[in-house]
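# Examination of the molecular architecture
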Amino acid sequence: MDNYIKDRKADNDEWMPFTGLEESSSLPTGDIYVPLEEWLKSRESLLERNGRLGVSLRNTDDPALIQDDLERLDLIVLEFPKMADGRAFSQARLLRERYGFKGEIRATGDVLYDQLFYMQRCGINGFELRDDQDVPSSLKAFDEMTVTYQPASDEEFPIWRRED
């Protein structure tokens, strides 16, 4: 993917979406991610395959449904269907702060320059940019603000409790 950023760098996306076992007689090799519904239905079969695994959540899905499996997952894909819908920001914070997920949390959909800094603060570290966004320009978003006041996934304490 040409419009992909991971950990604040341009990167190549090696993950493949996989929508279900009904489409295929066997599971693909390599790194795949599946929709939550497929994970809940085919969890045991998916865990038996070689390769990294991920789950994609719509912004209406409850991350608690996968909390017991997070140590087996390498990727969680969160959907941002439109800029004005911020539910996936909350999902990211829950995954990082409440459930302790350490793998990649990826933003997909309506992912824009203006949101990247805030997405990162919520714990998102992978970004599939919208087609009209470009990686070199978008990378500048992460350094646009140098001071944060509130605590978040990337900073435990508010500014008045930091010892800088």
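For clarity, every value in this text was computed on a predicted model and none was experimentally measured. (Residues numbered from 1 in each chain as written. Predicted model: local features only at pLDDT ≥ 70, side-chain atom pairs only at ≥ 80, totals over all residues. Heavy atoms only, no water.)

### Digging into the pattern of salt bridges
Summed over all chains, the structure comprises 16 salt bridges. When the shortest N-O distance is used, the salt bridge between D31 and R52 registers 2.8 Å. Taken together, the residues span a long stretch of sequence, with D31 in the loop between β3 (16–17) and β4 (32–35) and R52 in the loop between α1 (36–48) and β5 (53–57) at a distance of 21 residues. By relative accessible area, which is 34% here, R52 ends up partly exposed. Between R130 and D132 there is a salt bridge, and its shortest N-O distance comes to 2.7 Å. Each of the salt bridges in this network shares a partner with another, and the network as a whole consists of K6, D13, E104, R106 and E128. (Salt bridge = Lys/Arg side-chain N within 4 Å of Asp/Glu carboxyl O. Helix = DSSP H or I, 4+ residues; strand = E, 2+ residues; numbered from the N terminus. Buried < 20%, exposed > 50% of the residue type's maximum accessible area, 1.4 Å probe, protein only.)

### A word on α1
Between the first and last C-alpha of α1 there are 17 Å, a value that for 13 residues agrees with the 18 Å anticipated at 1.5 Å per step. The largest bend in α1 comes to about 90°, at S42. Looking only at α1, the buried set comprises L36, E38, W39, S42 and L46. Among the structural elements, β4 and β5 are those in contact with the buried residues of α1. (Expected span 1.5 Å × (residues − 1). Bend = angle between axes of the 7 residues up to and from the residue. Contact = heavy atoms within 4.5 Å.)

### Things to note about the sheet that holds strand β8 (residues 126–128)
Strand order in the open sheet formed by eight strands is β2-β1-β8-β7-β6-β5-β4-β3, and the pairing between neighbours is mixed. Of all strands in the sheet, those bounded by a partner on one side alone are β2 (9–10) and β3. Pairing geometry for strand β1 (residues 4–6) and β2, over two bridges, is antiparallel. Along β2, the bridge assignment pairs K6 with K9. The sheet strands contacting helix α2 (residues 87–98) are β5, β6 (75–80) and β7 (104–109), and the helix crosses β6 at an angle near 160°. (Pairing = 2+ DSSP bridges. Axes fitted to C-alpha atoms, helices over the stretch in contact; angles between N-to-C directions.)

Any functional reading would require information that these geometric values do not contain.
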